[in-house]
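# Results of the structural survey
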Amino acid sequence: MIEDTVVKKDSYTSTTNACKLCTPLGACIAFKGIKGAISLMHGSQGCATYIRRYLISHFKEPIDIASSNFSEDTAIFGGGANLKQAVLNVSNQYKPELIGISTTCLSETIGDDVGLIIKSMATEIDHDYKVVHVSTPSYTGTHESGYRGTLRAIVEQIATEEKSSDRSVNFISAMLSPADMRYFKEILEDFQIRYRFLPDYSETLDGALWDEYKKIPSGGTTIDEIANMSKAIGTIELGYIGSESESVSKLLKEKFNIKDYRVGIPVGVEATDNLLKIISEISGNNVPAKFLNERGRLLDSYVDGHKYVFGKRCVLYGEEDFVVAIACFLSEIGIIPVLCGSGGKSGKLKKVISSRIDGFDEKQIKVMDGVDFSEIEEISKQLKPDFFIGNSKGYSISREMNIPLIRIGFPVHDRFGGSRILHTGYRGTQALFDLIVNTLLKEKQDRSSTGYSYL
Ligand code: SF4
């Protein structure tokens, strides 16, 4: 059990190594999922440089992010002129289909009205590309909320009313890896249902080798697909944490009366069953045998590996929706996520986790939102977990405590292939389960005084 005195919130005055990232970073990831899009940040160069560096280090792809390049003058007199010039420069340089403008702390603090600036631009500049803007002050959100808010803004500003239905489904993905996105598309294709996938950075952030440099990588959800989202018969949106005002499925329901399905990120058997059941219901088709076989193999491995994982304790951290998904999966395989931490502050994390884990016991599972890595470290030292699971930002704690870290999610900066980690569905769960079992076996083997070479 965790003593309540461990985290002295009242006397805590600073954030040390936040367990969240900058809000427009999430916006830039979402815009990478739109075909022909370029991100433009309204603020200083440093913000764009930091985000570029951060994304390149994880995805290992060229990532261009433009900036309206605030100076001291702009910070005082407003950045309208800079933004207009930036839009002109980006359109000339890249010939984009969409310019996605996100705000930074500075432009939000001085109160620039980006919507109004864009409106005035529309009368002054003749253009054939779309301009979508989203408000992303980092002091009120996280990269996860920036991602959600951007998807909502894209659909709000592009989707139009279409009278005819094409019996398709809209699939709104949570902030997952390109490998996860490819897997979701494979599932939808195998169910033989027409779909629109938003955002689709499965190629733009993890593409094949190029023969020659492309200013904008190929791939992504097309503007037409977004415009036609009102033709769908249902919208599946991954994640429980986003508010109604951030939800794309809610927006499409309110505007076009499209049935909305909110489901958790499908990690684990139960969560994946739930997603496939919904796709089966919408498509009218049974779950393809291929996935039933994957499910069967996964269950078989659960039985084989149970003795290695049951009762183990882990500290889990990351984006709120991701933490919910992994916590449910860990509970499903008998591991206790003794700490579920996130830098997000939706206020929903504990409620969602406790409602989704059977027999949730807060004496065993501590759920904390708004945490930083300093708090995670402090509590972990009391809890003495068997392993950590989360992004690579927890490495220094795992090193200090000499406890293994299983790297998943975003960012993974100290290992190779972060964009190809498959977390979801039966297949991704299988990979995660094997990784966890093998990490625990390696730990036991390494610490054994006699050593052993046979299970
Ligand atoms: S100043 Fe704000 S927007 Fe810019 S990088 Fe820092 S947190 Fe992000």
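The structure presented is a predicted model; accordingly, all values stated were derived computationally and were not measured.

Cut-offs used in this document
- Residues numbered from 1 in each chain as written.
- Predicted model: local features only at pLDDT ≥ 70, side-chain atom pairs only at ≥ 80, totals over all residues.
- Heavy atoms only, no water.
- Salt bridge = Lys/Arg side-chain N within 4 Å of Asp/Glu carboxyl O.
- Helix = DSSP H or I, 4+ residues; strand = E, 2+ residues; numbered from the N terminus.
- Buried < 20%, exposed > 50% of the residue type's maximum accessible area, 1.4 Å probe, protein only.
- Near = heavy atom within 4 Å.
- Nonpolar A, V, L, I, M, F, W, Y, C, P; charged D, E, K, R; others polar.
- Domains from an automatic or database assignment.
- Contact = heavy atoms within 4.5 Å.
- Buried area = accessible area lost by both parts, 1.4 Å probe.
- Polar contact = N/O pair within 3.5 Å; in protein donor to acceptor, adjacent residues only side chain to side chain.
- Pairing = 2+ DSSP bridges.
- Axes fitted to C-alpha atoms, helices over the stretch in contact; angles between N-to-C directions.
- Parallel < 35°, antiparallel > 145°, perpendicular 65-115°, else oblique.
- Left-handed = near helix turned anticlockwise from the far one by under 90°.
- Phe/Tyr/Trp six-rings, centres within 6.5 Å; stacked < 30°, edge-to-face > 60°.
- Lys NZ or Arg CZ within 6 Å of the ring centre and 35° of its normal.

### Here's the deal with the pattern of salt bridges
Taken as a whole and assessed by the stated rule, the structure comprises 23 salt bridges. The shortest N-O distance in the salt bridge between Arg-148 and Glu-144 comes to 3.6 Å. With a gap of 4 residues between them, Arg-148 and Glu-144 both fall in helix α7 (residues 143–158), about one helical turn apart. The two residues Arg-148 and Glu-144 agree in class, both being buried.

### Description of the site of the ligand
Taken together, Cys-22, Pro-24, Cys-47, Tyr-50, Thr-104, Cys-105 and Ser-138 make up the full set of residues near the ligand. For the shell around the ligand, the class distribution of residues is 5 nonpolar, 2 polar and no charged.

### Brief notes about the domain arrangement of the protein
As assigned here, the protein comprises domain 1 (4–15 + 289–447), domain 2 (23–158) and domain 3 (169–283). Each of domain 2 and domain 3 has a C-alpha centre, and the two are 23 Å apart. Listed as interface residues are 30 residues of domain 2 and, on the opposing side, 39 residues of domain 3. Approximately 2,900 Å² of surface area, both sides summed, lies buried where domain 2 meets domain 3, with 67% of it carried by carbon and sulfur atoms. Linking domain 2 with domain 3 are 1 salt bridge. Between Arg-148 and Glu-246 there is a salt bridge, with the nearest N and O atoms lying 3.1 Å from each other. On inspection of domain 2 and its partner domain 3, the count reaches 12 residue pairs in polar contact (both at pLDDT 80 or more). At the level of secondary structure, the elements contributing two or more residues to the side of domain 2 that touches domain 3 comprise α1 (23–31), β1 (37–42), α4 (80–94) and α7. In terms of residues, the side of domain 2 that touches domain 3 owes the most to one element, α7, which gives 10 residues. In terms of residue class, the side of domain 2 that touches domain 3 is made up of 16 nonpolar, 5 polar and 9 charged.

### A closer look at the sheet that holds strand β11 (residues 366–368)
Within the open sheet, the 5 strands sit side by side as β11-β10-β9-β12-β13. Their pairing is parallel. The open sheet has two edge strands, β11 and β13 (405–407), and neither has a second partner. Between one strand and the next, the sheet's axes are offset by a mean angle of 20°, whatever the strand orientation. Summarising the sheet, strand β10 (residues 336–341) and β11 pair through 3 bridges and their orientation is parallel. Pairing of Cys-340 across the sheet is with Val-367, part of β11.

### Considerations on the packing of helix α13 (residues 320–332) against helix α14 (residues 349–356)
The packing of two helices is summarised by the inter-axis angle and the distance between the axes. Contact pair α13 / α14: the axes reach a minimum separation of 10 Å and the direction vectors enclose 20°. Here α14 runs roughly parallel to α13, going by the angle between their axes. Note that α13 runs across α14; the crossing there is right-handed. Packed against α13, whose contacting residues are Glu-320, Val-323, Val-324, Ala-327 and Cys-328, the element α14 presents Leu-349, Val-352, Ile-353 and Arg-356 at the interface. The residue makeup of the contact of α13 with α14, split by class, is 7 nonpolar, no polar and 2 charged.

### Examining the packing of aromatic side chains
For the structure on display, the rule yields 11 aromatic pairs. Ring geometry for Phe-171 versus Phe-197: centroids 5.1 Å apart, planes at 10°, classification stacked. With Phe-171 in strand β5 (residues 169–172) and Phe-197 in strand β6 (residues 195–198), this pair connects stretches of sequence that are 26 residues apart. What makes Phe-171 buried here is its relative accessible area of 0%. Phe-197 gets classed as buried once you look at its relative accessible area, which sits at 3%. A network of ring pairs unites the aromatic residues Tyr-50, Tyr-54, Phe-59, Tyr-201 and Phe-410 as a single cluster. One residue, Arg-420, lies across the ring of Phe-416, its end atom 5.4 Å from the ring centre.

### Observations concerning the environment of Tyr-201
When you line up the elements, Tyr-201 lands in the loop between β6 and α9 (223–227). Tyr-201 sits 73 residues away from Asn-274 along the chain, and the two C-alpha atoms are 24 Å apart. Here Tyr-201 is in contact with Ile-29, Lys-32, Gly-33, Tyr-147, Ala-174, Met-175, Leu-176, Ser-177, Pro-178, Met-181 and Asp-206, once residues within four sequence places are set aside. Of the polar contacts made by the side chain of Tyr-201, one reaches the backbone oxygen of Leu-176; its length is 2.6 Å.

### Points about unusual backbone geometry
Here the residue pair Leu-198 and Pro-199 is connected by a cis peptide bond, since its omega of -10° sits within 30 degrees of zero. The step from Phe-410 to Pro-411 runs through a cis peptide bond, and the omega angle for that step is 0°. Its identity is not glycine, yet Asn-69 carries a phi of approximately 60°, on the positive side.

### Concerning the packing of α4 against helix α6 (residues 114–124)
At a minimum axis distance of 10 Å, the contact between α4 and α6 shows a crossing angle of 55°. Viewed along their axes, α4 and α6 adopt a mutual orientation that is oblique. Here the hand of the crossing between α4 and α6 comes out right-handed. The residues of α6 that touch α4, namely those facing Gly-80, Leu-83, Lys-84 and Val-87, are Val-114, Ile-117, Ser-120, Met-121 and Glu-124.

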